[in-house]
Every structure is written in C-alpha cells, then in structure tokens.
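# Per-entry structural report
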Amino acid sequence: MQDQQGELLKRIKTFCQPNNKKAILELSLTFGILITATGGMMYGLSHGIWAALLLAPFAGFMVTRLFTIQHDCGHGAYFTSRRVNNIVGTILGMFTLAPYHYWKKTHTVHHAFSGNLDRRGVGDLDTLTVKEYHALPPLRKAWYRVYRHPFFVLVIAPFMLFGVKFRLPLDNPFHTVKIWAGIMVTNLGIAAIFAAIVYFCGWQALLGVYLPVIWLGSALGVAGFYIQHQYEDTYWHRDKEWTYFDAGMQGSSYFEFPALINWAVNNINLHHIHHLNGNVPSYRLRECLGQIAELRDVPKRTLKDVAGCFLLGLWDDDAKKMVRFSQA
C-alpha cells in the first residue's frame, strides 16, 4: 500500500513545474476582468443600480481568483522564481486583504496537519468533536453554534476575518519581524488603494463598489475553504493514526462545478490533489486530474452537495463522520 501511495505521489510531482507564460496570462486576465467589472459597476451606479448588481458576481469571483493566485505564490508554485512568488503574493495581499507572509505561514501549518485532531487550531476552521462540544459550558456552546451557523460563516465571518482580524492578528503565533512587517505593509497598501479610489473616483466608488466586491470575494473564498474539508465523510484522526496521504485523499474534497466556475476558482475545487502536493500550480491541477486515473477514483461532489456541507457542525469520533448539531 505504501509503495502504491509513494508511486502516486511521484506521478503527481511531475506536474509541479510552473509555467511563467501561463502564470502571467492567468494573472493578467484575472486583473483585466476585475478592473473591467468594477469599472462597469462604478459607471452603473450613476446610471442605475441593476448594471452594478449584474457585474458584482464577476468582480467578486475575480477577487477570489486573485486570492487563489496569492495562495499558489505562498506555496512557491505559481512562478518559477521564489522571489517573484513572494513579491506578487505580497502585492496581491493588498487587493485580497490577506497579509501574504502571515497567511502563508498559517496555511503551511494547515497543510502539515489537516485532519489531525491533536494538531488543530492554526490555519483551519474550528471543529469540535461531539464529546468536546457536550463538555463545553453553555455560553461556549452557544458561541460555537453561532460560529458554525451558515449566516455567520457566509456573511459575518468574511468581514471579521479579512476586514478586522487580518489587519491586526493578535492571535498570531508567529512573532517574527518579517511577518509583522508584512502585515503592516499590507495595511499600508490597502490604505493606499482606498485613498486612490476615493481621490480618482469618489467615496461612492469605494463604499458602493469596491468594498462590496471585496466582501463578496472574501465570502466566496471563505465558502470555498469551508467545503474543502467540511463534509460528512471527511477525515479526522488522532495523531498516532493520522497520515498525510489519507488526509489528502479522504479529507480534502473533489468538487466538480460548471466549467466557468471551475476556472473562476482556479480549480482549487480539485482540493485532494492540492493537499497531496501543494506545489502543483493551480493551472496544472486539471491536467494532473486528467492524466492520473486514481485521482478521479474518489467521491466526486457537485453544486448540489454544497449546501449540505454548511449544515454540519461536529465530528463524531465514534461514527467517523461529520454530523449536524441535531444528531449529536
């Protein structure tokens, strides 16, 4: 079994080589659509709200897509140069509101211990077992239920995470000059972008277009991260039983969406491949899936399965599955 797993990982590794031309094209196209859509929204605000509303999803998805590119840079996977990855990732953080080096560090921990019940707490979504939940005092139980409620996850959490926490992450476990300097540089960059929008386009453009688009992009990103690991037959094990391979294959989802959505989210919905090897560029994930049959031999989920993920709140350690609060 281990030989088969090792062989599969070797085959996936052959797709880790970045393509700079492809990377620049994808990044340019994403920025181009974002600028066009937000520009159209700003124009639409003065000629009728409907034009702005129709373009909002396109702009929001492009913000999410920029975040997936920043994410690839954090893995050193988007460009061939580590330096270029870091520079581009830092700049993109000013548009996605996610400080690059801080997020990169916490996300590395997420990859190292995803699905490990004894290593929770950094770079992941808080997930309690049924027994842990029942052992909580009433107020903490109530907070956890609020925290896991779909309205909180999809509406409030994006603002709290990208708008508040990332500006000054006081729970940052990595107290290095580089990370804190990166956070402050990102904040200055965000302030400069806001100021430029107000100066050239006015407060209406900032409050009525740019900030709502950033919130929508953040909400789509949070939703995507949520469904990547929160589904009924996901993978959680204690440290002694946990394996990196199984956490990737069983605890990271494989979603298939309509082609346009697959492109908009940069194929990060093929998340099992990404967790088996985070160095595969997003623009090569589809190629990897097509050429390695074993990667298609896992449960495939579609849009109809998304809503059910948000109804789950606890890990049942006895039944080995995620359950609703009503089932606990």
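Preceding this paragraph is the structure being described.
Note that the structure is predicted; figures quoted are calculated from it, not measured. Counting restarts for each chain: residues are numbered from 1 in the order of the written sequence. Reporting of local features is limited, given that this is a predicted model, to residues whose pLDDT is at least 70; pairs of side-chain atoms are given and counted only at 80 or more, and all residues count toward the totals for whole chains, interfaces and linings. Side-chain metrics rest on all non-hydrogen atoms present in the structure, leaving aside hydrogens and water.

Only DSSP runs of H or I reaching four residues or more are called helices, and only runs of E reaching two or more are called strands; each is numbered from the N terminus. In this fold, Thr 129 is placed in strand E1 (residues 128-129). Among all residues touching Thr 129, those that are not within four sequence positions of it are Leu 117, Arg 120, Arg 238, Leu 314 and Trp 315. In what follows, a contact means two residues having at least one pair of non-hydrogen atoms within 4.5 Å.

Next up on the list: the sheet that holds strand E3 (residues 321-323). At least two bridges found by DSSP between two strands is the condition for calling them paired. Spatially, E1-E2-E3 is the arrangement adopted by the three strands of the open sheet, whose pairing is mixed. Each edge of the open sheet carries a strand with a single partner, namely E1 and E3. Across three bridges, strand E2 (residues 314-316) lies against E3 in antiparallel orientation. Opposite Leu 314, over in E3, you have Val 323 as the bridge partner.

So, on to the pattern of salt bridges. Here, a salt bridge means any side-chain nitrogen of Lys or Arg that lies within 4 Å of a carboxyl oxygen of Asp or Glu. Applying the stated rule across the entire model yields 13 salt bridges. Between Glu 287 and Arg 284 there is a salt bridge, with the nearest N and O atoms lying 3.0 Å from each other. With Glu 287 and Arg 284 both in helix H14 (residues 282-291) and three residues apart, this pair spans about one turn of that helix. The rule is simple: take the accessible area with a 1.4 Å probe, protein chains only, and divide by the maximum for that residue type; under 20% is buried, over 50% is exposed, in between is partly exposed. On the accessibility criterion, Glu 287 (33% relative accessible area) is partly exposed. Residues joined in a network through salt bridges with shared partners are Asp 118, Arg 238, Asp 317 and Lys 320.

Our next topic: helix H3 (residues 49-74). Here the expected length of a helix is defined as 1.5 Å per residue gap, with one fewer gap than residues. The end-to-end C-alpha distance of H3, which contains 26 residues, comes to 37 Å, matching closely the 38 Å that a straight helix rising 1.5 Å per residue would cover. The quantity called bend is, for any residue, the angle between two axes fitted respectively to the seven residues ending at it and the seven beginning at it. Largest kink in H3: about 35°, centred on Ala 56, with the proline Pro 57 one to four residues after it. Count one or two residues on from H3 and you reach Gly 76, which has phi positive near 70°.

The subject of this paragraph is the packing of helix H5 (residues 100-113) against helix H9 (residues 177-201). The N-to-C vectors of H5 and H9 enclose an angle of 130°; their axes lie 7 Å apart at closest approach. Considering their axes alone, H5 and H9 lie oblique with respect to each other. Contact residues: Tyr 100, His 101, Tyr 102 and Lys 105 in H5; Lys 178, Ile 179, Ile 183 and Thr 186 in H9. When residue character is reported, Ala, Val, Leu, Ile, Met, Phe, Trp, Tyr, Cys and Pro are called nonpolar, Asp, Glu, Lys and Arg charged, and the others, Gly included, polar. Partitioning the contact of H5 with H9 into residue classes produces four nonpolar, two polar and two charged. Note on definitions: angles span 0 to 180 degrees between N-to-C directions of axes, and those axes are lines fitted to C-alpha atoms, for helices only across the stretch in contact. In this scheme, roughly parallel covers angles under 35 degrees and roughly antiparallel covers those over 145, while 65 to 115 is roughly perpendicular and the rest are oblique.

Aromatic ring pairs are reported here in terms of the distance separating the ring centres and the angle at which the planes meet. By convention, a stacked pair of Phe, Tyr or Trp rings (six-membered ring in the case of Trp) has centres within 6.5 Å and planes under 30 degrees apart, an edge-to-face pair has planes over 60 apart, and any other such pair is tilted. Enumeration over the complete set of coordinates arrives at 18 aromatic pairs. Taken together, a centroid distance of 5.9 Å and an interplanar angle of 75° make the contact between Tyr 144 and Phe 325 edge-to-face. Highlighted residues: Tyr 144 in helix H7 (residues 138-147) and Phe 325 in the segment after E3, separated in sequence by 181 residues. Phe 325 matches Tyr 144 in its accessibility class, with the two residues each being buried. Grouping aromatic residues by their ring pairs yields a cluster made of Tyr 133, Trp 143, Tyr 144, Tyr 147, Phe 152 and Phe 325.

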